[in-house]
Amino acid sequence: MADPAISVPYAPTEEQDLIRSTARQFLAERIPIEKVRELMLSDEGFEAVLWKEMAELGWTGLVVPEEHGGAGLGWVEMSVLLEEMGRVVTPGPFLASAVMATAVIEELAGDEDKEELLAALASGESIATLAVFEQPRGWEIAAPATRATVSNGGWVLSGMKRAVLDAHLSDLLLVTAGADDGIGVYVVDAKGEDVTVEQESVLDPTRRQATVILDGAVSRSRLVSGDVVAGLTHALRLATAALASEQVGGAQRCMEMAVEYAKTRHQFGRPIGSYQSIKHRCANMLMKVEHARSAAYHAVRVTDDRAELAIAAPLAGALASEAYVWVAGENIQVHGGIGFTWEHDAHLYLKRAKASSLLLGSPRHQRDRLGLALGI
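What counts as what
Residues numbered from 1 in each chain as written. Predicted model: local features only at pLDDT ≥ 70, side-chain atom pairs only at ≥ 80, totals over all residues. Heavy atoms only, no water. Helix = DSSP H or I, 4+ residues; strand = E, 2+ residues; numbered from the N terminus. Rg over C-alpha atoms; globule rule 2.2 N^0.38 Å. Contact = heavy atoms within 4.5 Å. Lys, Arg positive; Asp, Glu negative; His and termini not counted. Charge placed at Lys NZ, Arg CZ, Asp CG, Glu CD. Salt bridge = Lys/Arg side-chain N within 4 Å of Asp/Glu carboxyl O. Buried < 20%, exposed > 50% of the residue type's maximum accessible area, 1.4 Å probe, protein only. Expected span 1.5 Å × (residues − 1). Core = buried A, V, L, I, M, F, W, Y, C linked by side-chain atoms within 4.5 Å. Phe/Tyr/Trp six-rings, centres within 6.5 Å; stacked < 30°, edge-to-face > 60°. Lys NZ or Arg CZ within 6 Å of the ring centre and 35° of its normal.

> Go over the overall build of the chain, please, and point to the residues and values.
Secondary structure summary: the chain contains 11 helices and 9 strands in total. For 376 residues, the compact-globule estimate of 2.2 N^0.38 gives 21 Å, and the chain sits close to it at 21 Å. Across the chain, every contact between residues at least 6 apart in sequence was considered, and the portion connecting residues at least 24 apart equals 73%. Across the chain, the mean location of the 34 positive side-chain charges is 10 Å away from that of the 51 negative side-chain charges.

See the structure below:
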């Protein structure tokens, strides 16, 4: 019998270690922080060649079932990859397409739609994003103002969606809209003539958002397999758990930056890390990161248990959001004056941290979801 005192319930598998090492090497070589700075100042914010390379590594189809052309792995493996991406504030539509859109399609699409849509996403041939939210800081999904009407055997959509991740890079929009028979998720050509994509001014330029205006946009397919609101809610919980892992990766890197600087920066003839105030800051950063990591790791390991995920996902989302914002801020404080400059990388992490904390619901919103799941 194993000694419970030395058991490691979350020990990574050999496959997960391989994903981590491959991701770290690829990101260091192809998307170092200098490349991130270059991309965030560009019009598109990303490069198609990088997406193709990610697809060749199998990342874009990591959680897509093998029968639909994906790797057939789970959300634990996805969390490992996202943690590494978070360490270098990786830009691009990965979260939007490979995580959020994939989760919604897997949850709500029928077999025929799954076969078509998931195969294209897994191969990297197509990029999709989820167009759900309509009001600033409005994360409810049950009553969309966007409307869908039947026309010529299809559907015509009118309305506006806000904070749509990487819509300018996407080929497909998964749009929530109300119809006479209830809510549906409609597949819309993002580059259609009746679709207007306006990039928003965002805090984090490494992760673009857009306002999408639908003025008679035609949908070729409607995803209504099962309870749409329940399916969307579950998909967003999966995305919240995945995002928490990315946030942990970013917070971890901020802590490492602070510790490295505290060891090498000298004042009055000694490293600043030898002073008690800096020691305490770094120790508190470690506690915040590890607390968030535990919650995030748990959330991705209970994705098959919907009742448990309803508790674990908002808990991870709240803790990881708060930890990342706090640690990113402390990293700047440890660095002092240089940490406030454009030339230093600390601000990239703080911006990603704050933007991510509001992406799928603020910490307060996540705690409201947690309370509902617990019945309090």
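There is more to say after this.
> Outline the pattern of salt bridges, listing residues and values.
Counted by the stated rule, this structure contains 25 salt bridges. A salt bridge links Asp345 to Arg37; the nearest nitrogen and oxygen atoms lie 3.1 Å apart. On the criterion of sequence distance, the pair formed by Asp345 in the loop between helix 9 (306–335) and helix 10 (346–359) and Arg37 in helix 2 (residues 33–40) is long-range, its members being 308 residues apart. The shortest N-O distance in the salt bridge between Glu246 and Arg207 comes to 2.7 Å. Of this pair, Glu246 sits in helix 7 (residues 228–264) while Arg207 sits in the loop between strand 6 (195–199) and strand 7 (209–223), placing them 39 residues apart in sequence. Assigned by exposure class, Glu246 and Arg207 land together as buried. What you see here is one network of salt bridges that share partners, running through Arg20, Arg24, Glu83, Glu84, Glu290 and Arg293.

> Could you give an account of helix 11 (residues 363–374), with specific residues and numbers?
Helix length check: helix 11 (12 residues) gives 16 Å between terminal C-alpha atoms against 16 Å at 1.5 Å per residue, within 8%. The set of residues buried in helix 11 consists of Pro363, His365, Gln366, Leu370 and Gly371. Lining the buried residues of helix 11 we find helix 7, helix 9 and helix 10. Remark: Gly375 follows helix 11 within two positions and exhibits a positive phi of approximately 75°.

> Pulling in residues and values, what's your account of the nonpolar core?
Membership of the largest hydrophobic core comes to 102 residues, with the highest contact counts inside it found for Met54, Trp59, Phe94, Val99 and Met100. Top contributing element to this core by residue count: helix 7, with 18 residues. If near-sequence neighbours (up to four positions away) are discounted, Met100 is found in contact with Leu95, Leu130, Leu165, Leu236, Ala239 and Leu360. Of all hydrophobic cores here, the second largest spans 17 residues; its members include Ala131, Ala177, Ala179 and Leu214.

> How would you sum up the packing of aromatic side chains? Please name residues and give values.
In the structure shown here, the tally under the stated rule is 4 aromatic pairs. A ring pair is formed by Phe26 and Trp59, whose centres lie 5.2 Å apart and whose planes are at 80°; its orientation type is edge-to-face. Of this pair, Phe26 sits in helix 1 (residues 14–30) while Trp59 sits in the loop between helix 3 (48–56) and helix 4 (75–87), and the two are 33 residues apart along the sequence. Accessibility classification places Phe26 together with Trp59 in one group, the buried group. Between the aromatic rings of Trp51 and Phe94, the centroid separation amounts to 6.5 Å while the plane-to-plane angle is 65°, which identifies the pairing as edge-to-face. Pair noted here: Trp51 is in helix 3 and Phe94 is in helix 5 (residues 94–108), with a separation of 43 residues, a long-range link. Overall, Phe94 belongs to the buried group, its relative accessible area being 5%. A cation over a ring is seen here: Arg37 above Trp342, with NZ or CZ 5.9 Å from the ring centre. Of note, Arg270 hangs over the ring of Tyr275, and the distance from its end group to the ring centre comes to 4.2 Å.

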